[in-house]
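# Reading the structure
As a plain string of letters, each chain reads:
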Amino acid sequence: MLQDPETQLVMARAGDDVAFGLENHCVPTPEIWPRVHRALADVGFPYPEDRPTAALSGGEKQRLAIAGILALRPRVLLLDEPTANLDPDGARAVREVIGRIAADRDVTMVMVEHRVADVVPLVDRVVVIEAGGGVIADGRPDAVFAREGERLKTLGVWVPGAPPAAPSRRGVPDGDAIMAHDLAFRYPRGAALALDGVDAVVRQRSALAIVGSNGSGKSTLAMLLAGLLRPARGEVRAFGDEPWRWSAHVLVRQIGTVFQDPEHQLVAARVDDELRVGPRAIGLDAGHINARVADLLERLDLAKVAAANPFTLSGGEKRRLSVGTALATSPQALVLDEPTFGQDRRTFAELLRLLAEYRDQGGAIAFASHDELFVDAFADARLRLDRGRAA
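In this report, we go over the structure that sits alongside the text. Note that the structure is a prediction, hence the values are computed from the model and not measured. (Residues numbered from 1 in each chain as written. Predicted model: local features only at pLDDT ≥ 70, side-chain atom pairs only at ≥ 80, totals over all residues. Heavy atoms only, no water.)

## Regarding the nonpolar core
Grouped together as the largest cluster of nonpolar side chains are 43 residues, with contacts concentrated most on Val18, Leu64, Val128 and Leu152. It is helix α3 (residues 58–70) that contributes the most residues to this core, six residues altogether. When neighbours within four sequence positions are excluded, Leu64 is seen to be in contact with Leu9, Ala14, Asp17, Val18, Leu40, Phe45, Thr53 and Leu56. With 36 residues, the next largest nonpolar core counts Val271, Leu296, Phe367 and Phe374 among its residues. (Core = buried A, V, L, I, M, F, W, Y, C linked by side-chain atoms within 4.5 Å. Buried < 20%, exposed > 50% of the residue type's maximum accessible area, 1.4 Å probe, protein only. Helix = DSSP H or I, 4+ residues; strand = E, 2+ residues; numbered from the N terminus. Contact = heavy atoms within 4.5 Å.)

Following this line, the structure appears as structure tokens:
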């Protein structure tokens, strides 16, 4: 299971994607589709087998990729953050399936994971790797975290039961920055509305959390609030105007956006140049740009990869870079989709501090997230979606 599930989906329809591996393993034809149906049910895949893979959310793609692996009934499972994009219920369902497989079969499992608290019951050995290589700790989970817990926290490891503290709040929410009324949106060739009749308000000096299960419409609402999609019905007003009508030059000054997939917004050949793209577009002088880029590289722990190609970064580094590009132009509002994906304890805490500073200085933030720790620590208000409607 790769870190990015999109890289291992190969077929146009969900059921065909799960069947692909079975067919290549020459599983007898009568056995293939019962195994496909069982695997899709085990991971809680919410659609029929003919669902187009291109129409799935990031979390739904992750469930599908896991189903394709489980259908093969492997003896070794290599899982890279298998629940990172899933809503809490979906993550619990996948962990239950993985645990059942590990208990019922002769299976060896290796799991790469930042948030270890929920997976500790599934494993009997923890190996902590330090940046640049080398083993910090190795042993049974209870022994490792009891013996090395304090040191591991300072190194950025998510020690169970010790989340970073939320930054203190300065100031209170005031004026409305972005307002949405009766929003509806349908994707091309979509059978149903992805969003229907949703109202939302994003206030200055405030953070609105958009929450809900995979496929509930969170990313769609985020893109509408950011002015990157035109509503099929209703309206979005940002600072008094309809943001989807703005030119790119105006939009980048007003609203910074972080996409669900950070690779969709990377355009430069170097990390530091990626952070310069927005400031250059709005005409900032070189001295101001260089100072801003240096500060973001340091704050986001990206200075060591400043000369690297952004596409060679880890998933967590790409996410921090995308947050940096959104902040680089000092916009009046931020719209963020899963801003804490792939972060260790230290980088999570720094992102939290950086965004809190932006909010407390007058910025307005809307963010879509499954990360309950981040939502609890940062959100001033919550909007829950269920199948495209406010729940």
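## Quick look at the packing of helix α1 (residues 14–24) against helix α2 (residues 29–42)
Two numbers describe how α1 lies on α2: the axes approach to 9 Å, and their chain directions differ by 125 degrees. The orientation of α1 with respect to α2, classified from their angle, is oblique. Two packed elements cross with a definite hand, and for α1 against α2 that hand is right-handed. Listed contacts from α2 to Gly15, Asp16, Val18, Ala19, Leu22 and Glu23 of α1 are Ile32, Trp33, Arg35, Val36, Ala39 and Leu40. Taken together, the residues of the contact of α1 with α2 break down into eight nonpolar, one polar and three charged. (Axes fitted to C-alpha atoms, helices over the stretch in contact; angles between N-to-C directions. Parallel < 35°, antiparallel > 145°, perpendicular 65-115°, else oblique. Left-handed = near helix turned anticlockwise from the far one by under 90°. Nonpolar A, V, L, I, M, F, W, Y, C, P; charged D, E, K, R; others polar.)

## Things to note about the environment of Glu372
On the secondary structure map, Glu372 appears in helix α12 (residues 372–378). On the accessibility criterion, Glu372 (49% relative accessible area) is partly exposed. Sequence separation between Glu372 and Pro88 is 284 residues, and the spatial gap between their C-alpha atoms is 8.1 Å.

## A few points about the sheet that holds strand β7 (residues 206–212)
The strand order across the open sheet formed by six strands is β9-β10-β11-β7-β12-β13, and the pairing between neighbours is mixed. With one partner strand each, in any of the chains shown, β9 (255–258) and β13 (389–390) form the two edges of the open sheet. Across five bridges, the pairing between β7 and strand β12 (residues 381–386) is parallel. Following the sheet pairing, Ile210 is matched in β12 by Leu383. Contacts from helix α10 (residues 315–327) reach β9 and β10 (333–337) within the one sheet, and its direction differs from that of β9 by about 170 degrees. (Pairing = 2+ DSSP bridges.)

## Here's the deal with the sheet that holds strand β8 (residues 233–238)
Strand order in this open sheet of three strands is β6-β5-β8, and the pairing throughout is antiparallel. Each edge of the open sheet is held by one strand with a lone partner, namely β6 (195–203) and β8. Looking at each pair of strands side by side, their axes are set apart by 10 degrees on average, direction ignored. As judged from the five bridges shared by strand β5 (residues 176–185) and β8, these two strands associate in the antiparallel manner. For Ala184, the partnering residue across the bridge sits in β8 and is Arg233.

## Examining the packing of aromatic side chains
Using the criterion set out here, one finds seven aromatic pairs in the structure. Ring centres of Phe348 and Phe374 lie 6.1 Å apart, and the angle between their planes is 80 degrees; this geometry places the pair in the edge-to-face category. Of this pair, Phe348 sits in helix α11 (residues 345–360) while Phe374 sits in helix α12, and the two are 26 residues apart along the sequence. Neither Phe348 nor Phe374 differs from the other in exposure class; each is buried. Taken together, a centroid distance of 5.3 Å and an interplanar angle of 25 degrees make the contact between Phe374 and Phe378 stacked. Linking Phe374 with Phe378, this pair stays in helix α12, spanning four residues, or about one helical turn. For Phe378, a relative accessible area of 2% puts it in the buried group. Members of the aromatic cluster, each reached through a chain of ring pairs, are Trp158, Phe348, Phe367, Phe374 and Phe378. One cation-aromatic arrangement involves Arg51 over Tyr47; the distance from NZ or CZ to the ring centre is 3.9 Å. One cation-aromatic arrangement involves Arg115 over Trp158; the distance from NZ or CZ to the ring centre is 4.1 Å. (Phe/Tyr/Trp six-rings, centres within 6.5 Å; stacked < 30°, edge-to-face > 60°. Lys NZ or Arg CZ within 6 Å of the ring centre and 35° of its normal.)

## Observations regarding unusual backbone geometry
Of note, Glu81 is a non-glycine position whose phi angle comes to about 45 degrees, a positive value. Along the chain, Glu81 falls in the loop between β1 (76–80) and α4 (88–104). Of note in this structure, Asp182 is not a glycine but carries a positive phi near 55 degrees. Along the polypeptide, Asp182 turns up in strand β5.

## Topic: a nonpolar patch on the surface
A contiguous nonpolar surface patch, about 240 Å² in accessible area, is contributed by Val10, Met11 and Phe20. By secondary structure assignment, the location of Phe20 is in helix α1. According to the relative accessible area criterion, Phe20 is partly exposed, its value standing at 35%. (Patch = residues over 30% accessible without salt bridge, like charges linked within 9 Å, V, L, I, M, F, W, Y side chains within 5 Å. Areas by Shrake-Rupley, 256 points an atom, 1.4 Å probe, with all protein chains shown as cover. Salt bridge = Lys/Arg side-chain N within 4 Å of Asp/Glu carboxyl O.)

Keep in mind these values describe shape, not function.
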